[in-house]
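# Secondary and tertiary structure notes
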Amino acid sequence: MSAQLESLYVFLKARAAETPVVTPRFYETLGYARGYADACIEKRDIVGAVRKLEWMRNEAERWQDHPDWPGRTA
(Lines give C-alpha, C1' and ligand atoms only; values in the text may rest on other atoms or scores of the structure.)
Protein backbone atom coordinates (compact mmCIF):
# COMPACT_ATOMS: atom_id res chain seq x y z
CA MET A 1 0.00 0.00 0.00
CA SER A 2 2.91 2.36 0.67
CA ALA A 3 4.04 2.04 -2.93
CA GLN A 4 0.53 2.87 -4.15
CA LEU A 5 0.40 5.93 -1.92
CA GLU A 6 3.80 7.09 -3.13
CA SER A 7 2.83 6.62 -6.78
CA LEU A 8 -0.37 8.62 -6.42
CA TYR A 9 1.29 11.30 -4.28
CA VAL A 10 4.07 11.87 -6.83
CA PHE A 11 1.57 11.91 -9.70
CA LEU A 12 -0.78 14.36 -7.97
CA LYS A 13 2.01 16.68 -6.89
CA ALA A 14 3.43 16.78 -10.42
CA ARG A 15 0.05 17.40 -12.04
CA ALA A 16 -0.78 20.12 -9.52
CA ALA A 17 2.49 21.88 -10.35
CA GLU A 18 1.49 21.87 -14.03
CA THR A 19 -2.02 23.19 -13.39
CA PRO A 20 -2.26 26.91 -12.58
CA VAL A 21 -5.78 26.65 -11.14
CA VAL A 22 -4.74 24.36 -8.28
CA THR A 23 -4.78 26.27 -5.01
CA PRO A 24 -2.31 26.11 -2.13
CA ARG A 25 -5.10 24.40 -0.21
CA PHE A 26 -4.80 21.42 -2.58
CA TYR A 27 -1.13 21.00 -1.68
CA GLU A 28 -2.02 21.22 1.99
CA THR A 29 -4.76 18.63 1.63
CA LEU A 30 -2.52 16.36 -0.42
CA GLY A 31 0.24 16.53 2.18
CA TYR A 32 -2.26 15.87 4.96
CA ALA A 33 -3.71 12.87 3.16
CA ARG A 34 -0.25 11.38 2.58
CA GLY A 35 0.85 11.92 6.17
CA TYR A 36 -2.41 10.59 7.57
CA ALA A 37 -2.25 7.49 5.39
CA ASP A 38 1.36 6.83 6.43
CA ALA A 39 0.38 7.19 10.09
CA CYS A 40 -2.53 4.80 9.57
CA ILE A 41 -0.24 2.23 8.00
CA GLU A 42 2.19 2.58 10.88
CA LYS A 43 -0.64 2.09 13.40
CA ARG A 44 -2.11 -0.76 11.30
CA ASP A 45 -5.32 1.17 10.68
CA ILE A 46 -5.92 -0.20 7.21
CA VAL A 47 -9.39 1.33 6.90
CA GLY A 48 -8.04 4.84 7.48
CA ALA A 49 -5.20 4.32 5.02
CA VAL A 50 -7.56 2.96 2.36
CA ARG A 51 -9.84 5.97 2.75
CA LYS A 52 -6.99 8.37 2.05
CA LEU A 53 -5.76 6.19 -0.80
CA GLU A 54 -9.22 6.33 -2.33
CA TRP A 55 -9.31 10.13 -1.97
CA MET A 56 -6.00 10.33 -3.82
CA ARG A 57 -7.30 8.00 -6.55
CA ASN A 58 -10.38 10.17 -7.00
CA GLU A 59 -8.27 13.32 -7.25
CA ALA A 60 -5.95 11.65 -9.78
CA GLU A 61 -8.89 10.94 -12.07
CA ARG A 62 -8.93 14.64 -13.03
CA TRP A 63 -5.83 13.88 -15.05
CA GLN A 64 -6.76 10.41 -16.29
CA ASP A 65 -5.79 11.38 -19.85
CA HIS A 66 -2.21 12.10 -18.77
CA PRO A 67 0.31 9.47 -19.95
CA ASP A 68 1.66 9.02 -16.40
CA TRP A 69 -1.78 8.41 -14.86
CA PRO A 70 -1.44 5.50 -12.44
CA GLY A 71 -5.06 4.48 -13.02
CA ARG A 72 -6.73 1.82 -10.96
CA THR A 73 -3.49 -0.15 -10.62
CA ALA A 74 -2.36 2.32 -7.94
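Now for a look at the structure at hand. All residue numbers refer to position in the chain's written sequence, counted from 1. Restriction of local features to residues with pLDDT of at least 70 applies here, the model being predicted, together with a cutoff of 80 or more for giving and counting side-chain atom pairs; totals for whole chains, interfaces and linings are based on all residues. Heavy atoms from the whole structure form the basis of all side-chain values; hydrogens and water molecules are not counted.

## Brief notes about the overall build of the protein
What counts here: A helix here means a DSSP run of H or I that spans at least four residues, while a strand means a run of E at least two residues long, and both kinds are numbered starting from the N terminus. A radius of gyration in this sense is built from C-alpha atoms; the matching globule rule multiplies 2.2 Å by the number of residues raised to 0.38. Each residue's exposure class comes from its accessible area (1.4 Å probe, protein chains only) as a fraction of the maximum for that residue type: buried when under 20%, exposed when over 50%, partly exposed otherwise. Any two residues whose heavy atoms approach within 4.5 Å at even a single point are treated as in contact. Per-residue and other accessible areas were derived by the Shrake-Rupley procedure at a 1.4 Å probe size, with only the shown protein chains allowed to occlude residues. His is not counted here, nor are the chain ends, while Lys and Arg score as positive and Asp and Glu score as negative. The atoms used to mark charge sites are NZ of Lys, CZ of Arg, CG of Asp and CD of Glu.
If you tally the helices and strands in the protein, you get three helices and zero strands. The helix and strand sequence of the protein, counted from the amino end, reads α-α-α. Relative to its length of 74 residues, the protein is compact, with a C-alpha radius of gyration of 12 Å against a globular reference of 11 Å. Across its three principal directions, the C-alpha atoms of the protein cover 35 × 25 × 15 Å. Each of the 74 residues in the protein was classed as buried or not, and the buried ones make up 34%. Looking at the protein alone, contacts between residues at least 24 apart form 65% of all its contacts between residues at least 6 apart. In the form shown here, the protein has an accessible surface area of approximately 4,800 Å², with 53% of it arising from carbon and sulfur atoms. Charge-centre separation for the protein: the mean point of 11 positive side chains lies 5 Å from the mean point of 11 negative side chains.

## Observations concerning the pattern of salt bridges
Test applied: Salt bridges are defined by distance alone: a side-chain nitrogen of Lys or Arg within 4 Å of a carboxyl oxygen of Asp or Glu.
For the structure on display, the rule yields six salt bridges. For Arg15, the salt bridge is made with Glu18, and the minimal N-O distance between the two is 2.9 Å. With Arg15 and Glu18 both in helix 1 (residues 2-18), this residue pair falls three residues apart, about one helical turn. Accessibility expressed as a relative area gives 5% for Arg15, which makes it buried. Take Glu18: its relative accessible area is 49%, and that puts it in the partly exposed class. When salt bridges that share partners are traced, they join Glu6, Arg34 and Asp38 into one network.

Nothing here speaks to function; it is all geometry.
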